[in-house]
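# Structural overview
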Amino acid sequence: SITGETVELLEPYLVMEDYNLETAKKVCGNVAGLCSWTQAMAYFYGINKEVLPLKANLALQEGRLAAAQTELNNAQIQLDEKQMELDQVQAMYENAMKEKQALLDDAEACRRKMNNATALIEGLGGEKLRWTTSSKNFQNQITNLVGNVLLATGFLSYSGPFNQEYRNLLLQLWKKEMGDSKIPYSNDLNLTGMLVDNATVGEWNLQGLPNDDLSIQNGIIVTKASRYPLLIDPQGQGKIWIKNKEKNNGLQVNGSFNTFYVR
């Protein structure tokens, strides 16, 4: 029942500074609530004035929504029917595709087995020659093992004091004696490769040992011989190498006499 005219007549009172609940309580506490009520009614009128058109539009839109929902339900029923038909066809299609894939997988597995078998047969055919050669080489190594070990032992025991030329001469003399005594040995014997691997040689080089054949042979004699080696080392390369090599093994160095004590 509130009208715009009523709210307009009430407006001057609403903007007064003393028109509020606190002031009303001081003047007349029993009816102070009427002050808040008149403010609330004026505020409600403003809000309701905007809400009423929205309510009318809501009712209109709800009617349209109901009609659209009915059409949607009918369409959904048709869609469900078509979806069922599609699902049946899709299931048939998936079964056919699974069967096709299974056949393809079987065919691919058979093809792989056939290729593997072919490769194995061809590989074995080539390996036969290699195995025959390797077996012959192993047999030669076994036959020549005694002589090779004898040469390596002689090298470690006697060639330390000599330079490269005399070491090679010693090996030639030993080989001649072994030939006369019919002791088999490998003609292409590489004593360095027999007594030390490349990784160890590389580690020695990093520790300061020169990479020439004589230095590597000296390193073999130092590390493999059972007797204490005496190093003639005017350039100090051997001393540097031993310091680096035994640094983590408790090496103690007497600085005055360059004497090494290894624990």
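Residues numbered from 1 in each chain as written. Predicted model: local features only at pLDDT ≥ 70, side-chain atom pairs only at ≥ 80, totals over all residues. Heavy atoms only, no water.

## Topic: the UniProt feature "coiled-coil region" (unreviewed entry) in the chain
UniProt's entry tags residues 58-113 with the feature "coiled-coil region" (unreviewed entry), counted in the numbering of this structure. Within residues 58-113, the helical portion is 100% and the strand portion 0%, while the C-alpha atoms at the span's ends are 73 Å from each other. (UniProt positions renumbered as here; feature names shortened; annotations may be inferred. Helix = DSSP H or I, 4+ residues; strand = E, 2+ residues; numbered from the N terminus.)

## Brief notes about a nonpolar patch on the surface
Together, F162, Y166, L169 and L173 line one region of the surface with nonpolar side chains, adding up to about 380 Å² of accessible area. Within the secondary structure layout, F162 lies in the loop between α3 (32-158) and α4 (164-180). (Patch = residues over 30% accessible without salt bridge, like charges linked within 9 Å, V, L, I, M, F, W, Y side chains within 5 Å. Areas by Shrake-Rupley, 256 points an atom, 1.4 Å probe, with all protein chains shown as cover. Salt bridge = Lys/Arg side-chain N within 4 Å of Asp/Glu carboxyl O.)

## Topic: the layout of surface pockets
Taken as a whole, the largest pocket spans an internal volume of roughly 710 Å³. G160, N218, L230, L231 and I232 are the residues nearest the centre of the largest pocket, which is lined by 29 residues in total. Sorting the residues of the lining of the largest pocket by element identifies α3, α7 (213-224) and α8 (237-245) as the ones contributing at least two each. The element that contributes the greatest number of residues to the lining of the largest pocket is α7, accounting for 6 residues. Classifying every residue of the lining of the largest pocket gives 17 nonpolar, 9 polar and 3 charged. (1 Å grid on protein atoms, 1.4 Å probe; cavity = no way out; pocket = protein on both sides within 12 Å on 5 of 7 lines; lining within 4 Å. Points joined across faces, edges and corners; volume = space filled by probe spheres on them. Nonpolar A, V, L, I, M, F, W, Y, C, P; charged D, E, K, R; others polar.)

## Comments concerning the state of the cysteines
Evaluated as defined, the whole model comprises 0 disulfides. Here C35 stays unpaired: no disulfide links it, and the sulfur of C28, its closest cysteine neighbor, is 12 Å away. Using a relative accessible area of 9% as the deciding quantity, one classes C35 as buried. (Disulfide = S-S within 2.5 Å. Buried < 20%, exposed > 50% of the residue type's maximum accessible area, 1.4 Å probe, protein only.)

## Details of the confidence of the model for the chain
Segments scoring low in pLDDT should not have their predicted coordinates read at a detailed level. When pLDDT is averaged along the chain, the result is 85; 95% of the residues meet or exceed 70. For the chain, strand β2 (residues 259-262) is the element with the lowest average pLDDT, namely 43, and helix α6 (residues 198-206) is the one with the highest, namely 91. Across residues 259-263 the pLDDT falls below 50, and counting only partners more than four positions away or on other chains, this stretch makes 18 contacts in the model. (pLDDT = per-residue confidence, 0-100. Contact = heavy atoms within 4.5 Å.)

## So, the pattern of salt bridges
Scanning all chains against the criterion turns up 3 salt bridges. With its nearest N and O atoms 2.6 Å apart, the salt bridge here joins E108 to R111. Here E108 and its partner R111 are both found in helix α3, 3 residues apart, which amounts to about one turn of the helix. According to the relative accessible area criterion, E108 is partly exposed, its value standing at 33%. The partly exposed category is assigned to R111, whose relative accessible area is 42%. For D180, the salt bridge goes to K176, with nearest N and O atoms at 3.4 Å.

## Looking at the domain arrangement of the chain
Taken domain by domain, the chain holds domain 1 (4-78) and domain 2 (143-246). Computed over C-alpha atoms only, the centres of domain 1 and domain 2 are separated by 109 Å. (Domains from an automatic or database assignment.)

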